[in-house]
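Examining the three-dimensional arrangement
Each chain, letter by letter, is given below.
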Amino acid sequence: MPERSLRHEPDTPNKGTATFVVASSTASQAVKQAADFVCNGTADDVEIQAALDAAALVKGAVHCTEGVYAISATLTINDDTTLQGVPEGTVFSLDSEVDDSVIENDDPSGGDANIVLRDFKIDGNQATNDAAGSHGIFMDKVTGLRIEGVNVFDCFDVGIYTDNSADVQINQCSVGGTETTVAFHVKIQTTTDVQIANVIVQNGHYGFYIEDCDYVSLVNCDAKGTADDALVVGVGAAASNYVSVVGCHFQGSTGDKGAHILECNYVTIADTIFEGNSSFGVVVDEAAKYISFSACHFQGNGNSGINLGSSHSSIIGGTAVGNTNHGVIVTATTAVGDVLVKDMVCTDNTVGGIVISTNATKVMVQGNRCGNVVASAQNYGLHIDAAGVGATSIISNNDFRDNATNTILNASTSADIIFHNNSSDLTADLASATTITIPPDYDFYNLTGSTAITGITASWAGRRVSLKFGGNITVTDGNNIILAGGANMVGVANDTITLVSDATNWYEESRADNTP
């Protein structure tokens, strides 16, 4: 075996500085001569660990020069210590059948603080390290953790894993590999005050997995090609709270969703793309509350763009385009309410632009554009799909034109859904009767038949409806119809009348004689 070189005992400071240099077995002779520890290509963790132990005594750093280091046992790092390499040049390669983490903190029982890992690559050699616990980096009970410029490749269990920790920053990292069996790429568990920025994960199963955590932010992160959900937030025994996701891209999950939001509160997701996932772009479970999406894009997913089941939540701005089922669906197993869907573009989806479905009530749908732009696949602009669904909802100022089957398909029996000022390119007929009930879906109806109308079923206060006569029909003043000057309207074809409701009576606002 080649001779090892440990130039300093672990308790000896490095020539008056706080940095200890470890040279790889392939380093130049000049680099080796200048180094404090020299590796020989076999069990290089021995030299690196000696350097880490020495650095811990002086709150220092270990710098590993460019090269591949053979790791036969887990490296442990102590308080106030930095382990750094050469970007893209320093590789810690796990030996066969180690079946353990490459790097862990020294004291997971009592806890460590102020650890920095920077500028190196980890190769977990998953093909020969395929047991649970084969992580790239596992930090348990660390306060003040910085992971920067680290590339973790082919680890069987978790690439980067924190547990019971606080004040964690992970920046400019990547996690992935050629294998698809990696369990988790980035797993943050029972950790508070976490910032994850500019991190890319690829392949494997789960991308970013946030469990029992508070105050977590993901900024400019990318997950692609995962076999399960690209992002999971809120799984675990306790809710995750105060999570923000900004400027991220979750795409191409081959077996599941772009994101799954489970048991959590106060999650904000902005300027984020959910694209080309085999199932939903996003699913938000009923256990979640106070979830907001703004300027997000749900595109080309294998089911609906977003399935929102959480109450007190909103989707504002952005697009839901070309999804196999719906653009946006609001539904829950038990109940979902107090939901706002506003200023969305929901076009070219297979079934519906916006769907209000099972157990959804108190949904405000406002200012959205729901129709077909490129293809003619989208059947409905708005679909309220079952009896009793959508009670006390408000549908206003939407553009539901250019759909293949119908502008609005309302199967609900709820009488207190308010429709106001929505655009449609389809006309709706209303048969005249002694007492007519004006469906809530539209603001304009064609009156058919010839029966005189003496009453109109009450509707919500402020509702304004225009009726166009298809023939000779009389609207009689009296009961709850209050006409101008008490004069009946004897309408003929093409005449119109506009009425306004005060929740009990209908008052004439205007009438027009359009006889040629």
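Structural notes, computed from the coordinates.

Definitions and limits used
Counting from 1, residues in each chain are numbered in the order their sequence is written. Only residues with pLDDT of at least 70 are given local features in this predicted model, and only at 80 or more are side-chain atom pairs given and counted; all residues enter the totals for whole chains, interfaces and linings. Computation of side-chain values covers all heavy atoms of the structure but excludes hydrogens and water. By the criteria applied, helices consist of DSSP H or I runs no shorter than four residues and strands consist of E runs no shorter than two, each listed in order from the N terminus. For this measure, only C-alpha atoms enter the radius of gyration; the expected value for a globule follows 2.2 Å times N^0.38, where N is the number of residues. Buried, partly exposed and exposed residues are distinguished by accessible area as a fraction of the type maximum, computed with a 1.4 Å probe on protein chains only: under 20%, between the cut-offs, and over 50%, respectively. Should any heavy atoms of two residues lie within 4.5 Å, those residues are considered in contact. Surface accessibility follows the Shrake-Rupley procedure with a 1.4 Å probe radius. Residue values consider only the protein chains on display as shielding. Charge assignment in this entry is limited to Lys and Arg as positive and Asp and Glu as negative, and neither His nor the chain termini are counted. By convention, charge coordinates are those of NZ in Lys, CZ in Arg, CG in Asp, or CD in Glu. Just to be clear on terms, a salt bridge is a Lys or Arg side-chain nitrogen sitting within 4 Å of an Asp or Glu carboxyl oxygen. Nine residue types can take part in a nonpolar core, namely buried Ala, Val, Leu, Ile, Met, Phe, Trp, Tyr and Cys, and a core is a set of them joined through side-chain atoms within 4.5 Å. Between any two strands, at least two bridges found by DSSP are needed for them to pair. Definition of a polar contact: a pair of N or O atoms within 3.5 Å, with one able to donate and the other able to accept a hydrogen when the atoms are protein atoms, and with sequence-neighbouring residues admitted only if both atoms are side-chain atoms. Two aromatic rings, drawn from Phe, Tyr or Trp (for Trp, its six-membered ring), form a pair once their centres lie within 6.5 Å of each other, and the interplanar angle then sorts them: stacked below 30 degrees, edge-to-face above 60, tilted otherwise. Placement of a charge over a ring requires the Lys NZ or Arg CZ to be within 6 Å of the ring centre, with the centre-to-atom vector within 35 degrees of the ring normal. Disulfides are defined in this document as cysteine sulfur pairs within 2.5 Å. In this scheme, patches are assembled from residues that exceed 30% relative accessible area and form no salt bridge. Like charges are connected within 9 Å, while nonpolar side chains (Val, Leu, Ile, Met, Phe, Trp, Tyr) are connected within 5 Å.

**A short note on the overall build of the protein**
When helices and strands are counted, the protein shows two helices and 51 strands. Compactness check: the protein gives a C-alpha radius of gyration of 32 Å against a globular reference of 24 Å for 516 residues, more than 25% above the reference. Each principal axis of the C-alpha atoms in the protein carries an extent, and together these give about 110 × 40 × 35 Å. Across the 516 residues that make up the protein, the buried fraction comes to 52%. For the protein, contacts bridging at least 24 residues in sequence account for 60% of all contacts bridging at least 6. Carbon and sulfur atoms make up 49% of the accessible area of the protein, which totals about 19,200 Å². Distance between charge centroids for the protein: 6 Å, based on 21 positive and 60 negative side chains.

**Here we look at the side chain of Asp222**
Assignment of secondary structure puts Asp222 in strand S21 (residues 222-224). For Asp222, which is buried and forms no salt bridge, the nearest opposite charge comes from Lys224, at a distance of 4.0 Å. Contact partners of Asp222, with chain neighbours within four places excluded, come to Val199, Ile200, Val201, Phe208, His249 and Gln251.

**Here's the deal with the nonpolar core**
Leu83, Ile103 and Phe208 are the most contacted members of the largest nonpolar core, which has 119 residues in total. The element contributing the most residues to this core is helix H2 (residues 45-57), with six residues. Sequence-distant contacts of Ile103, defined by excluding residues within four places in its chain, comprise Thr74, Leu75, Ile77, Leu83, Phe92, Leu117, Phe120, Ile122, Gly136, Ile137, Phe138 and Met139. Membership of the second largest hydrophobic core comes to seven residues, among which are Phe138, Val158, Phe184 and Tyr209.

**What about the pattern of salt bridges?**
Enumeration over the complete set of coordinates arrives at nine salt bridges. Lys257 is the salt-bridge partner of Asp256, the closest N and O atoms lying 2.6 Å from each other. For Asp256, a relative accessible area of 18% puts it in the buried group. The exposure class of Lys257 is buried, given its relative accessible area of 10%.

**Overview of the pairing of strand S8 (residues 90-94)**
Counting buried positions along S8 yields five of five residues, so the element is predominantly enclosed. Because side chains alternate across S8, one face comprises the buried residues Thr90, Phe92 and Leu94, and the other comprises Val91 and Ser93, equally buried. Here strand S5 (residues 67-71) pairs with S8 via five bridges, running parallel. For Ile71, the partnering residue across the bridge sits in S8 and is Leu94. When S8 meets strand S10 (residues 112-123), the two strands line up parallel, connected through three bridges.

**Observations concerning the sheet that holds strand S50 (residues 496-501)**
The strands making up a sheet associate through hydrogen bonds between their backbones, and the pairing can be parallel or antiparallel. One open sheet holds the six strands; their spatial order is S42-S44-S46-S50-S51-S48, and the pairing between them is mixed. Each edge of the open sheet carries a strand with a single partner, namely strand S42 (429-431) and strand S48 (481-482). Bridge analysis of S50 against strand S51 (residues 506-512) gives six bridges, and the strand direction is antiparallel. Considered in S51, the bridge of Thr496 is made with Ala512.

**Considering the side chain of His185**
Looking at the element boundaries, His185 is found in strand S16 (residues 184-189). In this structure the side chain of His185 is engaged in a polar contact, spanning 3.0 Å, whose partner is the backbone oxygen of Gln202. In this structure, His185 is in contact with Val158, Gly159, Ile160, Val175, Gly176, Val201, Gln202, Asn203, Gly204, Tyr206, Gly207 and Thr226, ignoring residues within four places of it in sequence.

**Notes on the packing of aromatic side chains**
In this structure the tally under the stated criterion is 15 aromatic pairs. Considering the side-chain rings of Phe138 and Tyr161, the 4.6 Å spacing of their centres and the 25° angle between planes classify their relative orientation as stacked. You can see Phe138 sitting in strand S11 (residues 137-140) and its partner Tyr161 sitting in strand S13 (residues 158-163), a full 23 residues away along the chain. Considered together, Phe138 and Tyr161 belong to a single accessibility category, that of buried residues. Between Tyr266 and Tyr290, the aromatic rings sit 4.8 Å apart at their centres with planes inclined by 5°, giving stacked as the arrangement. Pair noted here: Tyr266 is in strand S26 (residues 264-270) and Tyr290 is in strand S29 (residues 289-299), with a separation of 24 residues, a long-range link. Overall, the relative accessible area of 38% leaves Tyr266 in the partly exposed class. Residue Tyr290 is classed as partly exposed on the basis of its relative accessible area, which comes to 37%. The ring centre of Phe153 lies 4.9 Å from the NZ or CZ of Lys121, which sits over that ring. Sitting above the plane of the Phe184 ring, Lys187 keeps its charged end 4.5 Å from the centroid.

**As for the state of the cysteines**
Taken as a whole and judged by the stated rule, the model has zero disulfides. Of all cysteine sulfurs in the structure, the one in Cys248 sits closest to Cys296, which takes part in no disulfide; the separation is 9.6 Å. Residue class for Cys296 comes out buried when judged on its relative accessible area of 1%.

**Side note on the pairing of strand S12 (residues 142-153)**
In the sheet, S10 pairs with S12 via 10 bridges, with the strands oriented parallel. By the bridge assignment, Asp123 is partnered in S12 with Phe153. Where S12 meets strand S14 (residues 166-171), five bridges bridge the pair, whose relative direction is parallel. Bridging from a neighbouring strand, Thr143 pairs with Ala166 of S14.

**With respect to a nonpolar patch on the surface**
Residues Tyr215, Tyr242, Tyr266 and Tyr290 make up a contiguous nonpolar surface patch of about 420 Å² in total accessible area. Position of Tyr242 relative to the elements: it lies in strand S23 (residues 240-246). Take Tyr242: its relative accessible area is 40%, and that puts it in the partly exposed class.

**Things to note about the environment of Asn301**
Residue position: Asn301 is located in the loop between S29 and strand S30 (306-308). Look at Asn301 and you get buried, because its relative accessible area is 0%. Aside from chain neighbours lying at most four places away, what touches Asn301 is Phe274, Glu275, Gly276, Asn277, Ser279, Phe280, Gly281, Gly322, Asn323 and Thr324. Here the side chain of Asn301 touches Phe274 through a polar contact of 3.1 Å, landing on its backbone oxygen.

Remember that the coordinates give geometry; whether it matters functionally is a separate question.
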